[in-house]
Amino acid sequence: TIWFDRSALELCARRISAESGDMRKAMEACREAARSVFSQCKTVVGIPIIAKTLSTLQNSNKMGECLKQLPLHQALIVCSLVLAHRKGIKDLTAQELTTGYVMTCRRSNMA
């Protein structure tokens, strides 16, 4: 069982309400903090963990906003690069990028 420190919940509520007021974001932050605590074999979510989780989520949201501003095919190229990175491909050739781009387009029903 994972427990949340009252002050950690207050911090989460205050930060999310100041940013967007979206309860779903608060729930996502709490869920990620609980996962973090569980993976560390701890039982209490405190202020340091919720603060770190909120910072991580805020930074990941900024990346999502940047992607939303890109034209569609540029965003698909970025997604292809991320997929290659996740597969462990360090030095990506133009041919490998093109192959990944085509696969991403197909998955997105773009080709």
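In this text the structure is predicted, and so the values were computed from the model without any measurement. (Residues numbered from 1 in each chain as written. Predicted model: local features only at pLDDT ≥ 70, side-chain atom pairs only at ≥ 80, totals over all residues. Heavy atoms only, no water.)

Draft legend 1. Spatial organisation of the packing of helix 4 (residues 72-86) against helix 5 (residues 94-107). Here helix 4 crosses helix 5 at 115 degrees, and the two axes come no closer than 9 Å. In terms of axis orientation, helix 4 runs roughly perpendicular to helix 5. In this structure, the crossing between helix 4 and helix 5 has a hand that is right-handed. Note on element contacts: helix 5 touches helix 4 through Leu97, Gly100, Tyr101, Thr104, Cys105 and Arg107, opposite His73, Leu76, Ile77, Cys79, Ser80, Leu81 and Leu83. Its residues assigned to classes, the contact of helix 4 with helix 5 comprises eight nonpolar, four polar and one charged. (Axes fitted to C-alpha atoms, helices over the stretch in contact; angles between N-to-C directions. Helix = DSSP H or I, 4+ residues; strand = E, 2+ residues; numbered from the N terminus. Parallel < 35°, antiparallel > 145°, perpendicular 65-115°, else oblique. Left-handed = near helix turned anticlockwise from the far one by under 90°. Contact = heavy atoms within 4.5 Å. Nonpolar A, V, L, I, M, F, W, Y, C, P; charged D, E, K, R; others polar.)

Draft legend 2. Looking closely at helix 2 (residues 23-39). Here helix 2 spans 24 Å end to end across 17 residues, near enough to the 24 Å set by a 1.5 Å rise per residue. Of all the positions in helix 2, only Ala26, Ala29, Cys30, Ala33, Ala34 and Val37 are classed as buried. All buried residues of helix 2 project into a common sector of 135 degrees when viewed along the axis, lining one side. Exposed side chains of helix 2 directed beyond 90 degrees from the buried face belong to Arg24, Phe38 and Ser39. Downstream of helix 2 by a residue or two, Cys41 has a phi angle that is positive, lying close to 60 degrees. (Expected span 1.5 Å × (residues − 1). Buried < 20%, exposed > 50% of the residue type's maximum accessible area, 1.4 Å probe, protein only. Arc of directions from axis to C-beta.)

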